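What follows is each chain in one-letter form.
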Amino acid sequence: MKEEVTAKRVAIVGGGLAGALNAVYLGSRGYKVDIYESKEDIRVSDKYKGRSINLALSARGLAALEKVGLDQMVKETGIPMPGRIIHNLDGKTSFIPYGKKGQHLFSISRSTLNKDLLTAADNLPNVDIHCEHKLIAMDIESTKLNFQVHGKVEKQVEADVIFGNDGAHSVVRKEILKKTRLDYSQQYIPHGYKELAMLPKNGEYAMDPKGLHIWPRQTFMMIALPNQDKSFTCTLFMPFEVFDRIKTKDDVIAFFKKEFPDSVSLYGEEHLINEYMTNVVGSMISIKCDPYHLQDKVIFFGDAAHAMVPFYGQGMNSALEDVRIFNGFLDEFHDNMGLAMQAFSKSRNVDAQTICDLSMQNYIEMRSLVSSKSFLIKKHVDNF
Ligand code: FAD
């Protein structure tokens, strides 16, 4: 049993990357924090075992983890990626460094980072985690939240402040949209994505693990990031209509032999077919809204505030950075929530919308220009 704490109560909706980090920051400041997460506890559930999904972590995200002493775990388990490894059609590869010697991104496991952040939050006496609590409605004036618990019962809780960290399809944001003059826009892109695991070969990485692999093919592309277990998680980005045209096992092999010939033996034909036929195609959305808060009662962060297409590799990094920046404002305004929320919305909006735009531009750049000369001489700060 954790001790009763009488500090200001913050309800964090969503125990993903931003939500869990927010709980660590706020819990360390002495707030009474409750995380409400719709899914089962990823630290114990069997549902999330098996597939490795990885993300590119950059300086922006690392700085946010550093501030609360959580950077060491990603430095220990993350795989340094000093540059991009470009795969041409003829199978030749070339290396493009991301920055100066010694600089690199980390390929990190999404689930390991999420679990570690939740554990760090749970270790604080004033933080409680409630899994299988799905927000279905909230009353902004009274800051009351209604949850569906374990898929059935409804439960109402009250907090002093609500933090929306519930991702791109945020219910917190939707509830605010109903009540106030919140500017909001969203855009789905015509491309979808499919993740494909590339298993180790004879106990070793099938490709060089020291880079982010890219197969740029003009209207589509595939990327691969290394995992700790010596596998790669590859992601194929393609228009939905092209995914729809690949129907049979033969279609899969014919497509990969034509477009990504060097990858076929690396996957192994049977495994590739199995991965392709089994795994779903996800959609990608870009969201902008302004402001990110309402009075001194509600604020939202990460994908709930500014989901972006993943081609700049900055969605998670920006979500983690949101948390660090907001806490800077809590410092500046001596924990006056209203002032901190106002300052955050005002300053963060410009930067976040710019990253959303850059991500959209890189959507074209990565698949078409990455192998061209113009790309090689262009100065870039992007992840992918
Ligand atoms: P999420 O991670 O979406 O977390 C939201 C949480 O809220 C979830 O746990 C969810 O279960 C919970 N939730 C949702 N609704 C409710 C509800 N009603 N009640 C309670 N809980 C709820 N970013 C990078 O920086 N680098 C990368 O390399 C990268 N690669 C990507 C590749 C792909 C293919 C995609 C699609 C995205 C990628 N991103 C990357 C973006 C990154 O995944 C997101 O920006 C990041 O996950 C945002 O974190 P978040 O905590 O805001 O939201």
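> I tried to follow the overall build of the chain on my own but got confused; where do I start?
Of the regular secondary structure elements, the chain holds 13 helices and 19 strands. Each of the 384 residues in the chain was classed as buried or not, and the buried ones make up 54%. Contacts spanning at least 24 positions in sequence make up 70% of the contacts within the chain whose residues lie at least 6 apart. Split by element, the accessible area of the chain, about 17500 Å² in all, is 52% carbon and sulfur.

> Help me out: how do you make sense of the environment of Glu269 in this one?
Within the fold, Glu269 resides in helix H9 (residues 269–278). Distance in space between the C-alpha atoms of Glu269 and Val252 is 9.2 Å, their sequence separation being 17 residues. Residues within four places of Glu269 in sequence aside, it is in contact with Ile253, Lys257 and Val264. For Glu269, the side chain forms a polar contact with the side chain of Lys257, separated by 3.2 Å.

> So what exactly am I meant to see when it comes to the site of the ligand here?
The local shell around the ligand holds 29 residues, among which Glu37, Ala56, Arg110, Asp303 and Gly315 are the closest. Asp303 is positioned with one of its side-chain polar atoms (N or O) 2.7 Å from an oxygen atom of the ligand. A distance of 3.3 Å is found between an oxygen atom of the ligand and a backbone nitrogen or oxygen belonging to Gly315. If the ligand stood free it would expose 1000 Å²; the protein chains cover 86% of that surface. Within the residue set of the shell around the ligand, elements represented by two or more residues are helix H1 (17–29), strand E3 (54–57), strand E9 (133–139), helix H10 (302–306) and helix H11 (315–332).

> When you look at the sheet that holds strand E7 (residues 105–109) in this model, what are you seeing that I'm missing?
By way of backbone hydrogen bonds, the strands of a sheet pair with one another, either parallel or antiparallel. In spatial order, the strands read E3-E7-E4; together these three strands make up an open sheet with antiparallel pairing. Sheet topology places E3 and strand E4 (79–81) at the edges, where each strand pairs with a single neighbour. Adjacent strand axes in the sheet meet at a mean angle of 35°, parallel and antiparallel pairs treated alike. Bridge count between E3 and E7: four bridges; the pairing is antiparallel. Across the sheet, Asn54 pairs through a bridge with Ser109, a residue of E7. Sitting on the sheet, H11 is in contact with E3 and E7, with an inclination near 60° to E3.

> How do you make sense of the confidence of the model for the chain when you look at a structure like this?
A low pLDDT score tells you not to read the predicted coordinates there in detail. Predicted confidence across the chain gives a mean pLDDT of 92, with 92% of residues reaching 70 or more. Considering only residues more than four positions removed or in separate chains, one finds that residues 373–382, a stretch of pLDDT under 50, has 19 contacts. The complex model carries a pTM of 0.94, and its ipTM stands at 0.99.

> Looking at this structure, how should I read helix H5 (residues 171–179)?
For an α-helix, the turn length of 3.6 residues means that residues three or four places apart are oriented alike. Every buried residue belonging to H5 is among Val172, Arg173, Glu175 and Ile176, and all of these are buried. Relative to the axis of H5, the buried residues are bounded by an arc of 160° and lie together on one face. One side-chain oxygen at the N-terminal end of H5 lies 3.3 Å from the backbone nitrogen of Val172; it belongs to Ser170.

> What is the right way to read the pattern of salt bridges from this model?
Two side chains that carry opposite charge are able to pair once their charged atoms sit near each other. With the rule as written, the count across this model stands at 19 salt bridges. For Lys32, the salt bridge goes to Asp128, with nearest N and O atoms at 3.0 Å. With Lys32 in strand E2 (residues 32–36) and Asp128 in strand E8 (residues 127–130), the pair connects residues that are 96 residues apart, well separated along the chain. For Lys32, a relative accessible area of 12% puts it in the buried group. Judged by relative accessible area, Asp128 falls into the partly exposed class, the value being 24%. Salt-bridge contacts for Glu321 lead to Arg348; the nearest nitrogen and oxygen are separated by 2.9 Å. You can see Glu321 sitting in helix H11 and its partner Arg348 sitting in helix H12 (residues 337–368), a full 27 residues away along the chain. By relative accessible area, which is 10% here, Glu321 ends up buried. Residues joined in a network through salt bridges with shared partners are Arg60, Glu321, Asp322, Arg324 and Arg348.

> How should the state of the cysteines be read in this particular structure?
What we call a disulfide is simply a covalent bond connecting the sulfur atoms of a pair of cysteines. The full count for this structure, using the stated rule, is zero disulfides. Of all cysteine sulfurs, the one in Cys289 lies closest to Cys356, which takes part in no disulfide; the gap is 9.1 Å. For Cys356, a relative accessible area of 1% corresponds to the buried category.

> How do you make sense of the packing of aromatic side chains when you look at a structure like this?
By convention here, two paired aromatic rings are described through the distance between centres and the angle between planes. Taken as a whole and assessed by the stated rule, the structure comprises 21 aromatic pairs. Ring centres 5.6 Å apart and planes at 45° place the aromatic pair Phe220 and Phe255 in the tilted group. Of this pair, Phe220 sits in strand E15 (residues 220–226) while Phe255 sits in helix H7 (residues 249–259); the two residues are 35 residues apart in sequence, bridging distant segments of the chain. You can call Phe220 buried: its relative accessible area is 7%. Seen in terms of ring centroids, Phe255 and Phe256 are 5.6 Å apart; in terms of plane orientation they differ by 85°. Their pairing is edge-to-face. Owing to a relative accessible area of 0%, Phe256 belongs among the buried residues under this scheme. Members of the aromatic cluster, each reached through a chain of ring pairs, are Phe220, Phe243, Phe255, Phe256, Phe260, Tyr267 and Tyr276.

So, how was this worked out
- Residues numbered from 1 in each chain as written.
- Predicted model: local features only at pLDDT ≥ 70, side-chain atom pairs only at ≥ 80, totals over all residues.
- Heavy atoms only, no water.
- Helix = DSSP H or I, 4+ residues; strand = E, 2+ residues; numbered from the N terminus.
- Buried < 20%, exposed > 50% of the residue type's maximum accessible area, 1.4 Å probe, protein only.
- Contact = heavy atoms within 4.5 Å.
- Areas by Shrake-Rupley, 256 points an atom, 1.4 Å probe, with all protein chains shown as cover.
- Polar contact = N/O pair within 3.5 Å; in protein donor to acceptor, adjacent residues only side chain to side chain.
- Near = heavy atom within 4 Å.
- Pairing = 2+ DSSP bridges.
- Axes fitted to C-alpha atoms, helices over the stretch in contact; angles between N-to-C directions.
- pLDDT = per-residue confidence, 0-100.
- Arc of directions from axis to C-beta.
- Salt bridge = Lys/Arg side-chain N within 4 Å of Asp/Glu carboxyl O.
- Disulfide = S-S within 2.5 Å.
- Phe/Tyr/Trp six-rings, centres within 6.5 Å; stacked < 30°, edge-to-face > 60°.

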